[in-house]
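Here's the letter readout for the chains.
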Amino acid sequence: MRPWRTLALLITLVAVVFGTLAAGVRWSDASWTPNLALDLEGGTQIILEPQVEGGGQLTASDIDQAIEVIRQRVDSSGVAEAEITSQGGQNIVVALPGQPDESTLDLVRRSAQTRFRVLLAEGAPEPVDPAMLTPEDGSDGTDGTEDADGTDDPVVGGEGTEEPDTAEPGGDVTEVPTDGTEGTTDGAGLPGTGVGGATSMARPLEPTEPTDEDATGTEGEDAGEEATEEPSTTAPQDLEEAAFQLADADGDGELSDEPATEPTSASDQAWVTEQVAFDFYVLDCTDPANRIGGGGDDPDAPLVTCAQDGTAKYILGPAELEGTDIASATSGLRTNDQGQVLNDYAVYLDFTAEGGRIFNEVTTRLATLTGTGQNRFAIVLDTLVISAPQVEEAIPNGEASITGSPGNGFTQQEAATLANQLSFGALPINFTVQSEEQISATLGSEQLQRGLLAGLIGLLLVVLYSLLQYRGLALITVLSLVVAGALTFGVIAVLSWLQGYRLSLPGVAGLIVAIGITADSFVVYFERIRDEVREGRRLDAAVDQGWKRARRTILASDAVNLLAAVVLYFLAVGGVRGFAFTLGLTTIIDLVVVFLFTHPTMQLLVRTRFYGGGHRFSGLDPEHLGASAAPAYRGRGSFRSPAEREARGGTIAERRAAAARAAAADRDDADGGDADDLVGTGNTAKEDR
Amino acid sequence: MASFAQFGNELYSGKRSYDIVGRRRRWFMISAVLLLLSVVLLLTRGLNPGIEFRGGSEFMISGTAITDQQPAHDALAEVAPTQEARVSTVGTNAVRVQTEELTDEETTELRELLAEAYEVDVNDVTASFVGPTWGQSVTNKALRGLVIFLVLVTVVMALYFRRWTMAAGALVALLHDLVITVGLYAGVGFEVTPATVIGFLTILGYSLYDTVVVFDKVRENTEGVLDQSRYTYAEAANLAVNQTLVRSINTSVLAVLPVASILFVGAFLLGAGTLRDIALALFIGMIVSTASSVFIAAPVEVALRGRNPAVREHTEKVMAARERRAAEAAASGEDPEAALADARPGGLVAGAHLGQRAQPRRKRQRR
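Predicted model only: the values in this text are computed from it and were never measured. (Residues numbered from 1 in each chain as written. Chains lettered and ligands numbered in written order. Predicted model: local features only at pLDDT ≥ 70, side-chain atom pairs only at ≥ 80, totals over all residues. Heavy atoms only, no water.)

Visitor: What am I meant to see in the overall build of chain A here?
Guide: Looking only at helices and strands, chain A has 16 helices and 16 strands in total. Counting over 689 residues, chain A shows a buried share of 55%. Accessible surface, chain A as shown: approximately 28,000 Å² in total, 55% of it carbon and sulfur. (Helix = DSSP H or I, 4+ residues; strand = E, 2+ residues; numbered from the N terminus. Buried < 20%, exposed > 50% of the residue type's maximum accessible area, 1.4 Å probe, protein only. Areas by Shrake-Rupley, 256 points an atom, 1.4 Å probe, with all protein chains shown as cover.)

Visitor: For this particular structure, what's the right way to read the overall build of chain B?
Guide: Secondary structure assignment for chain B yields 13 helices and six strands. Out of the 367 residues belonging to chain B, those deemed buried represent 53%. Put simply, of all contacts in chain B between residues at least 6 apart along the chain, 78% involve residues at least 24 apart. With the model as given, the accessible surface of chain B reaches about 16,800 Å², and the carbon-plus-sulfur share is 58%. (Contact = heavy atoms within 4.5 Å.)

Visitor: It is not clear to me how the environment of Leu591 of chain A should be interpreted in this structure. Could you clarify?
Guide: Residues and elements named next belong to chain A. If you trace the backbone, Leu591 turns up in helix α13 (residues 575-605). When the C-alpha atoms of Leu591 and Thr518 are compared, they prove to be 8.5 Å apart, with 73 residues separating the residues in sequence. In contact with Leu591, not counting residues within four places along its chain, are Ile554, Leu555 and Asp558.

Visitor: Just checking my understanding: could you explain unusual backbone geometry for this structure?
Guide: Excluding glycine, residues mostly have negative phi values, and the peptide bonds linking residues are mostly trans. Residues and elements named next belong to chain B. The residue Glu119 is not glycine, and still its phi comes out positive at about 55°. Here Glu119 lies in the loop between α5 (104-117) and β5 (125-130). A relative accessible area of 64% means that Glu119 is categorised as exposed. Despite not being glycine, Arg162 has its phi angle at roughly 60°, a positive value. Within the secondary structure, Arg162 sits in the loop between α6 (136-161) and α7 (164-188).

Visitor: What is the right way to read the confidence of the model for chain B from this model?
Guide: Interpretation of the predicted coordinates at a detailed level should be avoided for regions scoring low in pLDDT. Confidence along chain B averages 81 in pLDDT terms, with 89% of residues attaining 70 or more. ipTM for the predicted complex: 0.79, alongside a pTM of 0.64. (pLDDT = per-residue confidence, 0-100.)

Visitor: Sorry if this is basic, but what is going on with the packing of α6 of chain B against α7 of chain B here?
Guide: Helix packing for two helices is described by the angle between their axes and how far apart those axes are. All names here are of chain B. In contact at an axis separation of 7 Å, α6 and α7 are set at 140° when each is read in the N-to-C sense. When the axes of α6 and α7 are compared, the pair comes out oblique. Once α6 is placed against α7, the crossing between them reads as right-handed. Mapping the contact onto sequence places Leu150, Thr154, Met157, Ala158 and Phe161 in α6 and Trp164, Met166, Ala167, Ala170, Leu171 and Leu174 in α7. In terms of residue class, the contact of α6 with α7 is built from 10 nonpolar, one polar and no charged. (Axes fitted to C-alpha atoms, helices over the stretch in contact; angles between N-to-C directions. Parallel < 35°, antiparallel > 145°, perpendicular 65-115°, else oblique. Left-handed = near helix turned anticlockwise from the far one by under 90°. Nonpolar A, V, L, I, M, F, W, Y, C, P; charged D, E, K, R; others polar.)

Visitor: Sorry, what's going on with the environment of Glu191 of chain B here?
Guide: All names here are of chain B. Residue position: Glu191 is located in strand β6 (residues 191-192). Given a relative accessible area of 15%, Glu191 falls into the buried group. Considered as a pair, Glu191 and Thr82 are 109 residues apart in the sequence and their alpha carbons are 9.5 Å apart. With residues up to four places along the chain from it excluded, the contact list for Glu191 reads Asn48, Pro49, Gly50, Ile51, Glu100, Tyr185, Thr196 and Asp277.

Visitor: Sorry if this is basic, but what is going on with the sheet that holds strand β6 (residues 303-306) of chain A here?
Guide: Strands belonging to one sheet form pairs held by backbone hydrogen bonds; the direction of such a pair is parallel or antiparallel. All names here are of chain A. Pairing is antiparallel across the open sheet formed by five strands, whose spatial order is β6-β7-β4-β10-β11. Strands with a single pairing partner mark the edges of an open sheet, and in this sheet they are β6 and β11 (384-387). With direction set aside, neighbouring strand axes in the sheet form an average angle of 50°. Bridge count for strand β4 (residues 114-123) against strand β10 (residues 377-381) is five bridges, and the pairing is antiparallel. Across the sheet, Val118 pairs through a bridge with Phe377, a residue of β10. (Pairing = 2+ DSSP bridges.)

Visitor: Hey, could you run me through the pattern of salt bridges in this one?
Guide: Pairing of side chains with opposite charge becomes possible as their charged atoms draw close. The final tally for this structure, using the stated rule, is 11 salt bridges over all chains. With its nearest N and O atoms 2.6 Å apart, the salt bridge here joins Arg528 of chain A to Glu220 of chain B. Taken together, the residues Arg528 of chain A in helix α11 (residues 505-534) and Glu220 of chain B in helix α8 (residues 194-221) connect one chain to another. The two residues Arg528 of chain A and Glu220 of chain B agree in class, both being buried. For Arg322 of chain B, the salt bridge goes to Glu235 of chain B, with nearest N and O atoms at 2.6 Å. One end of the pair, Arg322 of chain B, is in helix α12 (residues 309-331); the other, Glu235 of chain B, is in helix α9 (residues 233-243), with 87 residues separating them in the sequence. Note on Arg322 of chain B: relative accessible area 14%, which makes it buried. Its relative accessible area of 25% is what places Glu235 of chain B among the partly exposed residues. Bridged by salt links that share partners, the residues Arg528, Asp531, Glu532 and Arg549 of chain A together with Lys217 and Glu220 of chain B form one connected network. (Salt bridge = Lys/Arg side-chain N within 4 Å of Asp/Glu carboxyl O.)

Visitor: So what exactly am I meant to see when it comes to the nonpolar core here?
Guide: Among soluble globular proteins, nonpolar side chains are generally buried collectively. Counting residues in hydrophobic clusters, the biggest one holds 141 residues, and the most contacted among them are Tyr525, Phe526, Val593 and Met602 of chain A together with Phe149, Leu208 and Met286 of chain B. Apart from the residues within four sequence positions on either side, Leu208 of chain B is in contact with Val560 of chain A together with Phe149, Val153, Met157, Ala170 and Leu174 of chain B. Judged by nonpolar contacts, the second largest core, of 27 residues, contains Val362, Ile386, Phe410 and Ala419 of chain A. (Core = buried A, V, L, I, M, F, W, Y, C linked by side-chain atoms within 4.5 Å.)

Visitor: How do you make sense of the pairing of strand β1 (residues 43-51) of chain A when you look at a structure like this?
Guide: One face of the sheet, then the other: side chains in a regular strand alternate in exactly this way. All names here are of chain A. The element β1 is largely enclosed, with a buried count of seven among its nine residues. Where β1 meets strand β3 (residues 91-97), six bridges bridge the pair, whose relative direction is antiparallel. Bridge pairing in β3 links Gln45 to Ala95.

Visitor: In this structure, what is going on with the side chain of Thr305 of chain A? I would like to understand it.
Guide: All names here are of chain A. With respect to the helices and strands, Thr305 occurs in strand β6. Owing to a relative accessible area of 6%, Thr305 belongs among the buried residues under this scheme. Apart from residues no more than four positions distant in its own chain, Thr305 is found in contact with Leu283, Cys285, Lys313, Tyr314, Leu316, Thr383, Leu384 and Val385.

Visitor: Where do I start with the packing of aromatic side chains in this structure?
Guide: For any pair of aromatic rings, geometry is given as the distance between the ring centres together with the angle between the planes. One pass over the structure, following the stated rule, counts 15 aromatic pairs over all chains. Where Tyr470 of chain A meets Phe526 of chain A, the ring centres are 5.3 Å apart and the plane angle is 55°; that geometry is what we call tilted. Placement of the pair is Tyr470 of chain A in helix α9 (residues 445-470) and Phe526 of chain A in helix α11, with a sequence separation of 56 residues. You'll find Tyr470 of chain A and Phe526 of chain A in the same group, each marked buried. Consider the rings of Tyr569 of chain A and Phe570 of chain A, whose centres lie 5.3 Å apart with planes at 85°: the pair is edge-to-face. Judged by relative accessible area, Phe570 of chain A falls into the exposed class, the value being 64%. Linked through ring pairs, Tyr470, Tyr525, Phe526, Trp547 and Phe595 of chain A together constitute an aromatic cluster. One Lys or Arg, Arg26 of chain B, reaches over the ring of Trp27 of chain B and ends 5.8 Å from the middle of that ring. (Phe/Tyr/Trp six-rings, centres within 6.5 Å; stacked < 30°, edge-to-face > 60°. Lys NZ or Arg CZ within 6 Å of the ring centre and 35° of its normal.)

Visitor: How should helix α4 (residues 70-79) of chain B be read in this particular structure?
Guide: Note: α-helices contain 3.6 residues per turn, so residues at a spacing of three or four share the same orientation. Residues and elements named next belong to chain B. Taken together, the buried positions of α4 are occupied by Pro71, Ala72, Ala75, Leu76 and Val79. When α4 is viewed along its axis, its buried side chains cluster within an angular range of 130° and face the same direction. In the core, the buried residues of α4 are packed alongside β3 (86-90), β4 (94-100) and α5. (Arc of directions from axis to C-beta.)

Visitor: Sorry, what's going on with the side chain of Thr598 of chain A here?
Guide: With respect to the secondary-structure elements, Thr598 of chain A resides in helix α13. Once you skip the residues sitting within four places of it in the chain, Thr598 of chain A turns out to touch Ile476, Ser480, Phe522, Tyr525 and Val593 of chain A.

Visitor: Is there a simple way to explain a negative patch on the surface in this structure?
Guide: Residue and element names in this part refer to chain B. Taken together, the side chains of Asp74, Glu78, Glu109, Glu112 and Glu116 present a region of like negative charge at the surface. Among the elements of the structure, α4 and α5 are those that each provide at least two residues to the negative patch. When residues of the negative patch are assigned to their parent elements, the largest contribution, three residues, is made by α5. Relative to the elements of secondary structure, Glu78 occurs in helix α4. (Patch = residues over 30% accessible without salt bridge, like charges linked within 9 Å, V, L, I, M, F, W, Y side chains within 5 Å. Lys, Arg positive; Asp, Glu negative; His and termini not counted. Charge placed at Lys NZ, Arg CZ, Asp CG, Glu CD.)

Visitor: Just to check I follow, could you spell out the packing of α7 of chain B against α8 of chain B for this structure?
Guide: All names here are of chain B. One way to put it is that α7 packs onto α8 with a least axis distance of 9 Å and a crossing angle of 145°. Every pair of crossing elements has a handedness; the one defined by α7 and α8 is right-handed. In contact with Met166, Gly169, Ala170, Ala173, Leu174, Asp177, Leu178, Thr181, Val182 and Tyr185 of α7, α8 contributes Thr196, Phe200, Ile203, Leu204, Ser207, Leu208, Thr211, Phe215, Val218 and Arg219. Looking at the contact of α7 with α8, its residues break down into 13 nonpolar, five polar and two charged.

Written out as structure tokens, the structure is:
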């Protein structure tokens, strides 16, 4: 109702959009123009070549699956439209628009295979401290104490059956090793590393040697004992020497690569050979270079690796499950047995039938190892451990949940990241990057220019047509379109900075189409105003009444478009997603412009003499619009036609007005005085009511 | 354009009226013929999916000093004139050309032509098969999204208009538009690209949007229609369609102008072939959508609504009242036609009391 105030709001909005953009350009890496998509700007093309292990045959469905996983990864990083295709039935070609940053490239290059491995040993991230070497024979009792840090580790539990009842401070979850207080829980915290670094560096750094290390002969020199608090500063050869001595269990001066005994299961400590132990001792997980990952680990061999965040290192058994055994992984708020929603998050895993069966076997075995602290498995992505939850009991139904430890639960972010890694992380095949090259736009720039030129001609025709149809009102149409255009440009530029939005040629076409949809809002509005004028309302009343009716229509029809945009955005992938984004954006901008610009401007203009007076060229001329065309009510359910009315000299009010004018004219002639103008802005409207 | 405004005035007041709802059989026949034609076109000519959907051939020219795109277009035009190549430069001295799948002879021929055009040895031009960028999974996800959208939008419309008939009418019009658009597109024989699919999706939104605008007027006109006996539901709906006719024409002209400009000026005069697919899909779709909102959606809605016992009863009541009035008029010597001509739908809905807003105003003081 207060046009100036509404306009001020619009100006603020435009200022905010362009202010954000300006700030982005000034202090960040935004640019004044929107980023363009692959077809218009070109980008980087990465060709991935599959690595077939053991001469296996690649099927088309393997490739399709891999393409889908990569697409999900790329889509999850924004709305940039990547092109992913297979080449020669083997290679996968991924084309990313523009100059993608390293992290986006990593999404594609990461060979990422998720594997579940049993955890055999965990240690502090630093390499072993040679000072420790003085064989003070670590057969001391450190073995059983690895659980001291158990408080902050994820826990895995059977989905739905019984959730760890961590709501009560009993904290049995932390008491891993021996006693049976876990009766109330099916999961308990054990050392491990949570996603977001749940394992704190501050805890006692005790490399936890397997309890039954003697079985493998890897030796009891315990590498741990508070000694390794600080990163080792020793020269590497010293380190290697020390590690060598530590690892060389039988003292024969050679590192054996063969398990001392035939391992009976993946949890068997026999997997920790001298070589494995040596690697473990030497590995420095505080060095980021060791945490790049890269895949290609042998699923049938033990693995020595780091936690992804570098807070621990591990010896892991052979892989038990592959990422492809996970049907889905989601994250959400945790509920306890009573169905109460708790204030922390969990990741819910759903295994495939086959995966569920194996998972059952593994968890059954691990549950029996509770006492030894070996009841943990590690989820390995790209050879790095992203989570190492512990298992308290067999989980038979193929559904599991991973929760944070009591007092240090997952945040939403952590849970969502882990779920994402678990569901998108699994590629069925390993790939190596065969080539990575710049690629030019698939459409020549002259093509784009011609397209835009054609669009401009179309825009000009729109202006001409609305001038023809709405005369003076075309001014509002054109101004509104200009405002809509400016807002769209600004928002797209901001979004391409913040969200990675990129404008493709279909996107440009979509924006041109949006001209039509935006213009329709004005058409609906103007036609409603004209309808009200035809009904015989004064112009200012017609604007108010017409707006009320037009508003409903505009809201209803835009709601349909918005619904389409939202549904398609969340459910579709690739190009359709980009389309949905453009559609939603233009619909919202249409609403903003109509509500904050067109209507208030109309309200203001109708106060002017040109528009409000219904000038012949204003497009609101009541005579022209046939305000008198509407029949007048005669009473008793019948009407008088305009012609009939005309014959009688108009309505009573009109006749009186005419008489008054005549009288005023007489007076004017007489004394030159001015007639009091009582008729107001709608003076030409012939009121029928 | 006084005559057009005059046209609008007459349509609004009901002085000029096209019996669109009443002659629905005619429109349904026409649309049935169009639908049949579309289905026949779809079945005989079929859609011609582009390289993005079914893959194609890829030629890599390495070690060339020429990185222009035009020679590749020219070479392809010699081998397969109907195709549009996707050409891009890779790195600094290589050119990638993607085409639809070619036969072995065509492949050999194009390799030689490309080698010649880019002044390299034939062995530096490698040909391979490239898979679809728009795979089956993309299509499946888009379809799933569509189905969910349609279910949701039906519910939303049924709730907004408080009548399921309107949601049904809008859906019928939507399907009608999509089938005809896709069918005519197949008839023209342009390649179906992702841009085309985007165009079809736009039409989906546009068709519903346009129908909602018309239905909103129908809803407004038919509010309380059962509480009076001067005109029937169908007549009120027909008036609404007539009253929105000018808006429908103006909107479709405004929306089609830029698209037509891209299609005819851009694609045919300037030769911007890459936009012609989406422009054609939109051009057909927008015209069909606007027409169907008027000629299909509203008549279907009235036909469905007419099955409602309350509405049928009301129609009979109105007709009976008319006959009575005509008879009365005839009895009192008046022209029965004239007595009935007054029965203008609309304008009789009791409005709110305007209070002092109905009073003449003093001219605003300049502030």
